[in-house]
Amino acid sequence: MSLDGRRISIIGAGVAGLAAATALARRGGDVVVYERASALRAEGAGIQISPNGAAVLSALDAQPRALETRAIALRDHRAGAGVLRLELARRRWRHPFLLMHRGDLIDGLGQAAQAAGARFEFGVTADPAALEAELVVMAGGVHAATARQFNHDLPAASFTGQVAWRAVLPEGDAAPEAHVFMGPGRHLVSYPLPGGWRNIVAVEERAAWAAEGWDHPDEPDNLRAAFADFSPQIRAWLDAVEEVKLWGLFRHPVPTRWHDGRSVVIGDAAHPTLPFMAQGANLALEDAWVLADCLQRHDVPVALAAFQDKRRARVCRAITAANANARNYHLRRPALRLAAHTALRLGGAIAPGAALRRFDWLYGHDVTR
Ligand SMILES: Cc1cc2nc3c(=O)[nH]c(=O)nc-3n(C[C@H](O)[C@H](O)[C@H](O)COP(=O)(O)OP(=O)(O)OC[C@H]3O[C@@H](n4cnc5c(N)ncnc54)[C@H](O)[C@@H]3O)c2cc1C
C-alpha cells in the first residue's frame, strides 16, 4: 500500500523528524516539516552512528560526511592503559560504525528529505492540535511536546547526579578510533571527526544539579580541573579546548503510550536516553524507518499501535544498557576497578569475538531488512 497523497505533518527537523520525512515522502506521503529554528539546525558536536543507524541512513540514501570507526578502546584514565579493544574493522555487522558532526548528519538527512519531496516551514513553533493533517509526527526532541501528553501519570525525569561537557577541538590526522577513558566517578569519550577535528564528551558525577539541554556554555577551565588527574594525552586535548558546553544528565522513564488518535511521538520526544551507549540518534533513525513501514502496511490507528509494539521493548533494552554503562565506567573503589578492568582485559584476550558478540542485538539489528 502506498501513502499516496496522505497529508502528514512532522514537528521538528532534527534527526528523527528529517529521517521520518524522507521515509514517508519516499513512500508517497504529502509531507510538511515544521521547524521552529529559522533553518536546519546544523549545531552540535560529534555524533556516533552505529551499524543499526547506518543501515537506515543507507536505505534513505542519506550520505553525511563521516569517518568509519576502526575500533573502540576502553582505557584506564591515569596512564591511558588499554583495558578492552573492540576491533570494528573486520565488519562483524553489515553496516559501518560512523563518526560525524551532528551538523553533517542534519545536512545529509535534510538533502535526502528534500530530494524525496518533503516541504519545510521554518521559523514555526508548531502546535500539534492546530495542524491540519491525517497524521502528526511529533519529533521535537526532549523539550518539546512529548509522550508526556499521552501519559499524564509518567513520573518526572530525575537528575542522575552526572553532568557532561562536550567540546570540539582542532586536530591533525588521527586514527579513526573511539576511546573511553574510565576513572573514579568520571569518564571521557573521545573520537576524531571529519575535517581535522576531535570530539570530546566528559562526564563527571556531582551532587549539584545542572540544566538539561545542549546549549549551556561553561568555562573550559572547569573541564580541565575535573580531569586534571587523567593521562597527559587527555590533558593536552583539554588544554586545546576554547569553548565548552555543559549539560545535566537526566533519566527519563519510558512512557507506555506513544500515540493518541492521529498523533505519534518518535525519537527523543518519545524516549530520551542517557548518552552512554550513544544511541539517541540511532534509535531516532530506527523509529523513523519503522513508523514509515507500519504506515505503508496499515491505516493510521493500527499502524501507530504496531509501531509502538515493534519499538518499545528494543528501546527499553537500549536505555537500560546505557544506564548500566554509567555505573560500569565510574567504579570508585580501586580494588573493584582493578578487578573489573582485569576481567575485561582477560575476557578480551581469551575470546576477542565474544566482546563484540555481546552487541549483536543492538548493532546487528537492521530495521530496513
Ligand atoms: C541543537 C542540538 C545540538 C545537539 N548536539 C548533539 C551533540 O553534539 N551530540 C549528540 O550526540 N547529540 C546531540 N544532540 C541530540 C541528538 O541530535 C538527539 O538526541 C537525537 O538525534 C534525537 O533526535 P530528535 O530528532 O529526536 O531530537 P532533536 O535532535 O532534539 O531535534 C528536535 C528538533 O525539533 C525542533 N522543535 C522542537 N519543538 C518544536 C515545535 N513545537 N515546532 C517546531 N520545531 C520544534 C527543535 O528545534 C529541533 O530542531 C543535539 C540536539 C540539538 C537540538
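Residues numbered from 1 in each chain as written. Predicted model: local features only at pLDDT ≥ 70, side-chain atom pairs only at ≥ 80, totals over all residues. Heavy atoms only, no water.

Looking at an unreviewed UniProt entry, the protein chain carries the name Salicylate hydroxylase, with the source organism given as Candidatus Rhodobacter oscarellae.

Looking now at the sheet that holds strand S13 (residues 197–205). Spatially, the eight strands line up as an open sheet ordered S6-S5-S11-S12-S13-S10-S15-S14, and their pairing is mixed. The sheet terminates laterally at strand S6 (82–87) and strand S14 (217–218), the two strands that pair on one side only. Of the strand pairs in this sheet, strand S10 (residues 158–170) and S13 are connected by nine bridges, and their pairing is antiparallel. Following the sheet pairing, Trp165 is matched in S13 by Ala202. (Pairing = 2+ DSSP bridges. Helix = DSSP H or I, 4+ residues; strand = E, 2+ residues; numbered from the N terminus.)

For the protein chain, the assigned domains read domain 1 (7–67 + 99–155 + 252–325) and domain 2 (158–247). For domain 1 versus domain 2, the separation of C-alpha centres amounts to 27 Å. Contacts between the two partners involve 18 residues from domain 1 and, on the opposite side, 19 residues from domain 2. Both faces combined, the contact of domain 1 with domain 2 buries some 1,500 Å², and carbon together with sulfur accounts for 66% of it. On the domain 1 side of the interface with domain 2, the three residues burying the most area are Leu67, Leu99 and Phe276, jointly 30% of the side's total. Taken together, the links from domain 1 to domain 2 amount to one salt bridge. A salt bridge links Asp215 to Arg41; the shortest N-O distance between them is 3.7 Å. (Domains from an automatic or database assignment. Contact = heavy atoms within 4.5 Å. Buried area = accessible area lost by both parts, 1.4 Å probe. Salt bridge = Lys/Arg side-chain N within 4 Å of Asp/Glu carboxyl O.)

Moving on, we come to the nonpolar core. Among soluble globular proteins, nonpolar side chains are generally buried collectively. Core analysis: the biggest nonpolar cluster contains 103 residues, and Ile10, Leu24, Val31, Ile49, Leu109 and Val137 have the highest contact counts within it. Top contributing element to this core by residue count: helix H7 (residues 300–329), with 12 residues. Taken together, domain 1 (7–67 + 99–155 + 252–325) and domain 2 (158–247) each give at least three residues to this core, which thus spans both. Residues Trp165, Phe181, Val241 and Val244 belong to the second largest nonpolar core, which totals 18 residues. (Core = buried A, V, L, I, M, F, W, Y, C linked by side-chain atoms within 4.5 Å. Buried < 20%, exposed > 50% of the residue type's maximum accessible area, 1.4 Å probe, protein only.)

Following the sequence through the fold, Gly28 ends up in the loop between helix H1 (15–26) and strand S2 (30–35). For Gly28, a relative accessible area of 21% puts it in the partly exposed group. Sequence separation between Gly28 and Met182 is 154 residues, and the spatial gap between their C-alpha atoms is 48 Å.

Among all positions of helix H5 (residues 232–239), only Ile234, Trp237 and Leu238 are buried. Down the axis of H5, the buried side of the element spans an arc of 95°, and every buried residue falls inside it. Every exposed residue of H5 that faces more than 90 degrees away from the buried side is listed here: Pro232 and Asp239. In this structure, the buried residues of H5 make contact with S10, strand S11 (177–183), strand S12 (186–193), S13 and helix H4 (220–226). (Arc of directions from axis to C-beta.)

Our focus in this paragraph is the state of the cysteines. If you walk through the whole model with that rule in mind, you get zero disulfides. Counting only cysteine sulfurs, Cys316 is the nearest neighbor of Cys294, a cysteine outside any disulfide, at a range of 17 Å. (Disulfide = S-S within 2.5 Å.)

What follows concerns the sheet that holds strand S1 (residues 7–11). Pairing is mixed in the open sheet, where six strands are placed in the order S8-S2-S1-S9-S17-S16. With one partner strand each, in any of the chains shown, strand S8 (119–122) and strand S16 (259–260) form the two edges of the open sheet. In terms of strand pairing, S1 meets S2 through five bridges, oriented parallel. Opposite Ile8, over in S2, you have Val31 as the bridge partner. Where H1 meets the sheet, its contacts fall on S1, S2, S8 and strand S9 (135–138), and the angle it forms with S1 comes to roughly 165°. (Axes fitted to C-alpha atoms, helices over the stretch in contact; angles between N-to-C directions.)

The interhelical angle for the contact between helix H6 (residues 280–297) and H7, taken along N-to-C directions, is 155°, at an axis separation of 8 Å. Classified by the interaxial angle, the pair formed by H6 and H7 is roughly antiparallel. Read as a crossing pair, H6 and H7 show a hand that is right-handed. Packed against H6, whose contacting residues are Leu283, Glu286, Asp287, Val290, Leu291, Cys294 and Leu295, the element H7 presents Val300, Ala303, Leu304, Ala306, Phe307, Lys310, Arg311, Arg314, Val315 and Ala318 at the interface. (Parallel < 35°, antiparallel > 145°, perpendicular 65-115°, else oblique. Left-handed = near helix turned anticlockwise from the far one by under 90°.)

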